[in-house]
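Each chain, letter by letter, is given below.
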Amino acid sequence: MKINLNPSTKFENRHNGPSADEIALMLKKIGAESLDVLIDQTIPKSIQLEKPLDLPEAKSEAAFLKEFKKMASKNRIFKSYIGLGYYDTIVPGVILRNILENPGWYTAYTPYQAEIAQGRLEALINYQTMVMDLTGMEMANASLLDEATAAAEAMTMLYASKPREKKNAHTFFVDEKIFPQTKDLLITRSAPIGIELVIAPLSTLDLTDPDLFGVMVQYPNLDGEVINHLDLVAAAKENNVLTAFASDLLSLTLLTPPGEMGADVVVGTSQRLGVPMGYGGPHAAFFATKEAYKRQVPGRIIGVSVDRDGNKAYRMALQTREQHIKREKATSNICTAQVLLSVMAGMYAVYHGPKGLKEIALRTHGLAQLTAKALAEIGFEQTNKNFFDTIKIKTDSVQQSKIKAFAVSSELNFRYEEGAILLSFDEVKTVKDVKSVVDVFSKSTNQKIKSNWEELIEGLEINLPEAIKRKSAYLTHPVFNQYHSEHEMLRYIKRLENKDLSLVHSMISLGSCTMKLNATTEMIPVTWPEFGQLHPFCPQDQAAGYYEMFQNLRNWLTEITGFADTSLQPNSGAQGEYAGLMVIRAYHMSRDDHHRNIALIPTSAHGTNPASAVMAGMKVVLVKCDEKGNIDVADLKAKAEEHSNDLAALMVTYPSTHGVFEEAIQEICQIIHDNGGQVYMDGANMNAQVGLTSPGRIGADVCHLNLHKTFCIPHGGGGPGMGPISVAKQLVPFLPGNPVVETGGTQAIHAISAAPFGSASILPISYAYIAMMGGEGLTNATKIAILNANYIKVRLEAHYPILYTGIHGRAAHEMILDCRAFKEFGIEVEDIAKRLMDYGFHAPTVSFPVAGTLMIEPTESETMSELDRFCDAMIAIRHEIQEVADGLADKENNVLKNAPHTAALALADTWDFPYSREKAVYPLPYVKGNKFWPTVRRIDSAFGDSNLVCSCIPVQEYAEAEAEA
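Residues numbered from 1 in each chain as written. Predicted model: local features only at pLDDT ≥ 70, side-chain atom pairs only at ≥ 80, totals over all residues. Heavy atoms only, no water.

Here the focus is the overall build of the protein. In terms of regular secondary structure, the protein is built from 33 helices and 25 strands. Counting only C-alpha atoms and orienting by the principal axes, one finds that the protein spans roughly 90 × 75 × 70 Å. Across the 965 residues of the protein, 64% fall into the buried class. Contacts in the protein between residues at least 24 apart in sequence constitute 77% of all its contacts with a sequence separation of at least 6. In the structure as shown, the protein presents an accessible area of about 34,100 Å², 50% of it carried by carbon and sulfur atoms. (Helix = DSSP H or I, 4+ residues; strand = E, 2+ residues; numbered from the N terminus. Buried < 20%, exposed > 50% of the residue type's maximum accessible area, 1.4 Å probe, protein only. Contact = heavy atoms within 4.5 Å. Areas by Shrake-Rupley, 256 points an atom, 1.4 Å probe, with all protein chains shown as cover.)

Encoded structure:
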């Protein structure tokens, strides 16, 4: 046998699950001669690409990492004193290795199936409790995307919650001393929905203005000044004006929390609690408010309920507005969480505890004080009366230029404003760093401090007035007071991880959610310091590696979508939807078509689409679908012509949410264009397009890309995500900008997210995926995704009706199983979802887009054997349903209704079920060899809705449980 000295292993062969032999067997099973024949039977010939993707040749994993390390080394890590909501932090090693770098945590999906997500739900309850304790508020959600987004959500929530006396009020006052990125995003969000934003000095605030409904302040503010707002809040209440605070969690260990001042809502970021800056993200924002607003809270709330045996269990509190996704009545989106990062921040609080957090805060405050004292001795005035971590040093322009030159040569980044230099401190900084900072100022004046450092340090005490010193306790729950040794922390993290099912256990076949392989090589660069330790507002020349990656990735995504340019800023799929519509809005306004505000949306669209349209100031008009699940072209044409003068956009998902490549898609796009509108294509199903067709080829004008789906960024248990938008030529000028870092088009809209490039530190994942797959590999992945879906379809269609298919009977990359007929026997689709847990699987997408159905998407990463295992489980469940239908199993007391079955139930002394324990927990032979045990029985959501508790279970209940045991 000849020896081949060339490396033969392609990354695509690791990413794509089925082997060549398996592909041949699967093609035979589905009755297709080849993959290309299957594609021709699935995708209309008229929209197929005529040439291969023009992308660089695929790289091996080793070659990619070596080359990418060189690119990363072009990023220069200076010590950052910039602040503005982004700070150096230390990620505890036990959290870094066992959560951030652990696929058991980062490959999990949003916890819709709570029984197999108890670990991450408990971690999120910890996070919510931490936020509530530190802010002094009554409830908190499970995170939002970033501080600026959270502030915008606060504004819109208060607008929707105005008291009766203010029902006609439209003015929202924002103190000018708010972070610039927050200010810009408030401008973005306010204009389309009719809020008049006033950004001015707090001294100009008139609380008696009848048109004023709310006020927002930064605490501590942009300058680092800490102001007691107790009187402001009291006066606001007297005038029926609502108040919002943008705050800093670490500072609230020392400062009076806004909740104790009477604030209505408190927002901010938890980034400095153990989450790297990452050139802007991802980070978990927090949102805390009063219980009175619980039904208006954006995003997700994790609540406490009980399972069927009365045991405490966690679940998403579905009564909150965004869980319903109220289509055209919604005002926000559910795709607005950063679960993995909120888990990290919550665990940071668990690891350090109240004492540890306070020590970090005191040290941070002390370093700022020490610097101010030392600089005073060489003639520099610090102008903040009260401060936590940020000092403001008065300078003239000549001094500032000198200081900046010395700082740069010392690799230090300060924040420069006219007449002042601001320095923000954090847990990473030391006394040695203070000396380096002071040395830079000394060089500029040739002055040296008079005192010795020991004397300056000796006299340090907390320097805050009594009125703004925190006096209340926080983080008193046992979870924040018992895991401070690394060994105990490790065990706690592992206990929670073991309660959750993720991609490390089995395929997660969620339709439209594309739970594909998140390869280790793609993940490795995420925690490189060259990507993690850069401040998003550092000078551009320090981020040369990032900019090279951005440019390449933009070019690649633009090529894949068939468009003219791409913005990487939107940091979730929902943000991508919103960004795309806002760019369309700006385009129309640039042409004096201010009146164009109608968005046509098919009834089959993603539930987030109407919410995004409403947020962009558009009116939603629904378009019918026919009996085959396709857009009703006649109805579309009629409504496009009816609203021709005011038509802004069509929002369409392709292939459709029904899992079909609609033949009329080009005609549909042309109808919209003929009536003056633009076509927004939802990119949720790009996994079925890449390399075979494209939004540009189809005739769309803008498309968002879920990098956390098609391009391999992991879901992290419900976030992070990224939703860049690619646009046609006419929309390029309007791509979003940033108030601090120049980016976007020549007529850029205001910011969509806080950081100029969104969650920049996870972009290396998608970059790695594309670089290692190459154009051919990406195209093959799409073909395999379609093959895997059709293989499942063929295996299951004799047992379950498949709701929609294309004209040749093929599915796209996903399909819908119709389970509605089983209701006749008392079996609901939820019963199937819960029973799948006993087989070791997460349920497919339940009741979306059609109630009573399951939407299945296997992705290209699953092997034939894994597909067969899933199909075997689904077929076995169908037989169990038939047992009920035939009267062989009781209609109420059967394996489906009682699912899932826990180990505690299976091992109980008594077994009061009319089927065997083995049937309950080992329904197929493979389960015995790889059993995943749900830790709670079916959860009572109605109980949780009626008894909303969104903080850690009270200590006494732990005590009661132990006593009973």
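Okay, back to it.
Time to look at the state of the cysteines. Under the counting rule described, the total for this entry stands at zero disulfides. Free of any disulfide, Cys 669 has its nearest neighbouring cysteine sulfur in Cys 703, separated by 11 Å. Look at Cys 669 and you get buried, because its relative accessible area is 1%. (Disulfide = S-S within 2.5 Å.)

At a minimum axis separation of 8 Å, helix H8 (residues 147–160) and helix H9 (residues 180–190) run at an interaxial angle of 45 degrees. By the angle class used here, H8 and H9 are oblique. Remark: the crossing between H8 and H9 carries right-handed chirality. From H8, Glu 147, Ala 148, Thr 149, Ala 151, Ala 152, Glu 153 and Met 155 reach across to H9, where they touch Gln 181, Thr 182, Leu 185, Leu 186, Arg 189 and Ser 190. Here the residues of the contact of H8 with H9 are counted per class, giving six nonpolar, four polar and three charged. (Axes fitted to C-alpha atoms, helices over the stretch in contact; angles between N-to-C directions. Parallel < 35°, antiparallel > 145°, perpendicular 65-115°, else oblique. Left-handed = near helix turned anticlockwise from the far one by under 90°. Nonpolar A, V, L, I, M, F, W, Y, C, P; charged D, E, K, R; others polar.)

Here the focus is the pattern of salt bridges. Scanning all chains against the criterion turns up 45 salt bridges. Across the pair Asp 36 and Lys 783 runs a salt bridge whose closest N-O atoms are separated by 3.0 Å. On the criterion of sequence distance, the pair formed by Asp 36 in helix H3 (residues 35–42) and Lys 783 in helix H26 (residues 763–796) is long-range, its members being 747 residues apart. What makes Asp 36 partly exposed here is its relative accessible area of 44%. The shortest N-O distance in the salt bridge between Glu 641 and Lys 637 comes to 2.6 Å. Here Glu 641 and its partner Lys 637 are both found in helix H23 (residues 633–642), four residues apart, which amounts to about one turn of the helix. On the accessibility criterion, Lys 637 (39% relative accessible area) is partly exposed. Salt bridges here are not isolated pairs; linked through shared partners, they connect Asp 88, Asp 426 and Lys 429. (Salt bridge = Lys/Arg side-chain N within 4 Å of Asp/Glu carboxyl O.)

Among the structural elements, Arg 300 can be located in the loop between strand E8 (285–289) and strand E9 (302–307). With a relative accessible area of 6%, Arg 300 lands in the buried category. For Arg 300, the side chain forms a polar contact with the main-chain oxygen of Gly 718, separated by 2.9 Å. (Polar contact = N/O pair within 3.5 Å; in protein donor to acceptor, adjacent residues only side chain to side chain.)

Reading across from one edge, E2-E8-E7-E6-E5-E3-E4 is the order of the seven strands in this open sheet, with mixed pairing throughout. Looking at the sheet topology across the chains shown, the edges are occupied by strand E2 (139–140) and strand E4 (196–200). Direction of pairing for strand E7 (residues 265–269) relative to E8: antiparallel, over a ladder of five bridges. Note on E8: the bridge partner recorded for Val 266 is Ala 288. Here helix H7 (residues 118–135) sits on the sheet and contacts E2, E7 and E8; the angle it forms with E8, its principal contact strand, is near 60 degrees. (Pairing = 2+ DSSP bridges.)

Per-residue pLDDT for the protein averages 94, and the proportion of residues at 70 or more is 96%. Of the regions scoring below 50 in pLDDT, residues 319–325 engages in 33 contacts with residues more than four places distant in sequence or in other chains. Taken together, the stretch residues 958–965 has pLDDT below 50 and engages in three contacts with residues farther than four places along the chain or on a different chain. (pLDDT = per-residue confidence, 0-100.)

In total, this model carries seven cavities of 30 Å³ or more according to the counting rule given. If you add up the space inside the largest cavity, you get close to 170 Å³. What lines the largest cavity is a set of 22 residues, and nearest its centre among them are Tyr 87, Phe 179, Pro 220, Asp 248 and Asp 389. Per element, the largest residue contribution to the lining of the largest cavity is three residues, and it comes from strand E6 (residues 242–248). Broken down by class, the residue content of the lining of the largest cavity amounts to eight nonpolar, nine polar and five charged. Put simply, the second largest cavity is a space of about 70 Å³. Class assignment of the residues belonging to the lining of the second largest cavity gives a composition of four nonpolar, five polar and two charged. (1 Å grid on protein atoms, 1.4 Å probe; cavity = no way out; pocket = protein on both sides within 12 Å on 5 of 7 lines; lining within 4 Å. Points joined across faces, edges and corners; volume = space filled by probe spheres on them.)

Scanning the entire structure with this criterion turns up 36 aromatic pairs. With a centroid separation of 6.1 Å and an interplanar angle of 40 degrees, the aromatic rings of Phe 68 and Trp 528 are classed as tilted. Within this pair, whereas Phe 68 is found in helix H4 (residues 61–72), its partner Trp 528 is found in the loop between helix H18 (520–523) and helix H19 (529–532), the two being separated by 460 residues in sequence. The same class applies to Phe 68 as to Trp 528, namely buried. One aromatic cluster is present, built from ring pairs that chain together Phe 64, Phe 68, Tyr 279, Trp 528, Phe 531, Tyr 546, Tyr 547, Phe 550, Trp 556, Phe 757 and Tyr 767. Lying across the ring of Trp 528, Lys 69 places its NZ or CZ 4.1 Å from the centre. Seen from the ring of Tyr 416, Lys 404 lies directly overhead, with NZ or CZ sitting 5.0 Å from the centre. (Phe/Tyr/Trp six-rings, centres within 6.5 Å; stacked < 30°, edge-to-face > 60°. Lys NZ or Arg CZ within 6 Å of the ring centre and 35° of its normal.)

Our next topic: the nonpolar core. Ranked by internal contacts, the top residues of the largest apolar core, which has 261 residues, are Met 130, Tyr 279, Met 347, Phe 550, Leu 600, Ile 770 and Ile 832. Among residues more than four places away in sequence, those in contact with Leu 600 are Val 621, Val 623, Leu 636, Lys 639, Ala 640, Leu 647, Ala 649, Leu 650, Met 651 and Ile 672. (Core = buried A, V, L, I, M, F, W, Y, C linked by side-chain atoms within 4.5 Å.)

As a further point, take helix H17 (residues 486–497). Given 3.6 residues per turn, any residue in an α-helix points the same way as the ones three and four places further on. With twelve residues, H17 should cover 16 Å at 1.5 Å per step; its first-to-last C-alpha distance of 16 Å lies within 8% of that length. Looking only at H17, the buried set comprises Met 489, Tyr 492, Ile 493, Leu 496 and Glu 497. Looking down the long axis of H17, one finds its buried residues gathered within 135 degrees of arc, a one-sided arrangement. Tucked inside the fold, the buried residues of H17 contact helix H5 (93–100), helix H6 (103–106), H7 and helix H13 (339–377). (Expected span 1.5 Å × (residues − 1). Arc of directions from axis to C-beta.)

Here we take up the pairing of E4. In terms of strand pairing, strand E3 (residues 171–175) meets E4 through five bridges, oriented parallel. In the strand pairing of E4, Phe 173 is matched with Val 198. Since E3 and E4 lie parallel, the crossover through H9 that links them has a hand, and here it is right-handed. (Right-handed = clockwise from strand over helix to strand, strands pointing away.)

By secondary structure assignment, the location of Thr 657 is in the loop between strand E18 (647–653) and helix H24 (665–674). For Thr 657, a relative accessible area of 0% translates into the label buried. Excluding residues within four positions of it along the chain, Thr 657 makes contact with Ser 604, Ala 605, His 606, Asn 685, Glu 814, Ile 816, Phe 848, Pro 849 and Met 855.

Attention now goes to helix H15 (residues 431–445). Taking 1.5 Å per residue as the helical rise, H15 with its 15 residues ought to reach 21 Å, and the 21 Å between its terminal C-alpha atoms agrees with that figure. Turning to H15, its buried residues are Asp 433, Val 434, Val 437, Val 438, Val 440, Phe 441, Ser 442 and Ser 444. Just past H15, the residue Asn 446 takes up positive phi, approximately 60 degrees.

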